[in-house]
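# Geometric and topological summary
Spelled out from the first residue to the last, the chains are:
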Amino acid sequence: MTDWQDRVAAVWAAADVIGDDEVIRRIDELAAERPAGDPVACFERAGARDAAGRETEAEALYREALALGLAGSDRVQACIQLASTIRNLGRPHEAIELLDLIEPVAGELGDAVVAFRALALVDAGDARRAASEALTALAPHLARYRVSLSAYAAELAASA
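Residues numbered from 1 in each chain as written. Predicted model: local features only at pLDDT ≥ 70, side-chain atom pairs only at ≥ 80, totals over all residues. Heavy atoms only, no water.

Assigned secondary structure in the chain consists of 10 helices and zero strands. The secondary structure elements of the chain, listed N-terminal to C-terminal, are α-α-α-α-α-α-α-α-α-α. Sequence separation of at least 24 residues holds for 47% of the intrachain contacts in the chain that already meet a minimum separation of 6. Surface accessibility of the chain: about 8700 Å² in total, with carbon and sulfur atoms responsible for 55%. Taken as two groups, the 16 positive and 27 negative side-chain charges of the chain have centres that lie 2 Å from each other. (Helix = DSSP H or I, 4+ residues; strand = E, 2+ residues; numbered from the N terminus. Contact = heavy atoms within 4.5 Å. Areas by Shrake-Rupley, 256 points an atom, 1.4 Å probe, with all protein chains shown as cover. Lys, Arg positive; Asp, Glu negative; His and termini not counted. Charge placed at Lys NZ, Arg CZ, Asp CG, Glu CD.)

On to the layout of surface pockets, then. Approximately 230 Å³ is the volume attributed to the largest pocket. When residues of the lining of the largest pocket are traced back to their parent elements, those giving at least two are α1 (3–13), α4 (39–51) and α6 (72–88). If you tally residues by element for the lining of the largest pocket, the top one is α1, at five residues. By residue class, the composition of the lining of the largest pocket is seven nonpolar, four polar and two charged. (1 Å grid on protein atoms, 1.4 Å probe; cavity = no way out; pocket = protein on both sides within 12 Å on 5 of 7 lines; lining within 4 Å. Points joined across faces, edges and corners; volume = space filled by probe spheres on them. Nonpolar A, V, L, I, M, F, W, Y, C, P; charged D, E, K, R; others polar.)

Applying the stated criterion across every chain, the model contains 19 salt bridges. In this structure, Arg7 engages Glu33 in a salt bridge whose closest nitrogen and oxygen atoms are separated by 2.6 Å. Here Glu33 lies in the loop between α3 (20–31) and α4 and Arg7 lies in helix α1, a separation of 26 residues in the sequence. Taking the relative accessible area as the measure of exposure, Arg7 reaches 31% and is therefore partly exposed. With relative accessibility at 44%, the residue Glu33 sits in the partly exposed group. With a shortest N-O distance of 2.6 Å, Glu133 and Arg117 are connected by a salt bridge. Separated by 16 residues along the polypeptide, Glu133 in helix α9 (residues 127–138) and Arg117 in helix α8 (residues 110–123) bring together distant segments of the chain. (Salt bridge = Lys/Arg side-chain N within 4 Å of Asp/Glu carboxyl O. Buried < 20%, exposed > 50% of the residue type's maximum accessible area, 1.4 Å probe, protein only.)

Next comes the structure, spelled out in C-alpha cells:
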C-alpha cells in the first residue's frame, strides 16, 4: 500500500470521530495531491460524499471515476456503491441493471452485489426474488442447513 493510500485509510478509520464534513475535507485534500483525472482519487471523493448522505454529489463522482477508467476491485466497489446511491435516489431498477452488469466480474465481492441487488429488488416491489437471491448467496456460508435453505430459496424464486 502506498503512503497516499495509507493516509486515505487513516481518514476512513477516523470517520466516526471526525464527522462527515471533515472526512470530505480531508479526502478532497488528499485527492488534490493526485494527478488530474485520477480515477481512484475521484472514487474516494465519491465515497466521502456518499458516506455523508450527499447522494447526488456522490453519483456524479462515481460516474466520473468509472468514466476515467477505474479498474479492478475499485471498479466493482464503485459500481456497488453507485448502485446503492442510485437506489437511495429512488431508481431501484437502474441499480439492479448496474449490479447485473458488474456481477460476472465481482469476484470476492459477489455476495455484496447480491445483497445490494436484494435491497433494490425490495424497493422495486419484488421482495420474494430479493429474499431468494439473498438466501441463495447466504446458503454456501452455512455449516448446517445449506441444502434446506437452498431449496427454500429456490421455492421463493419459483413463486416470485
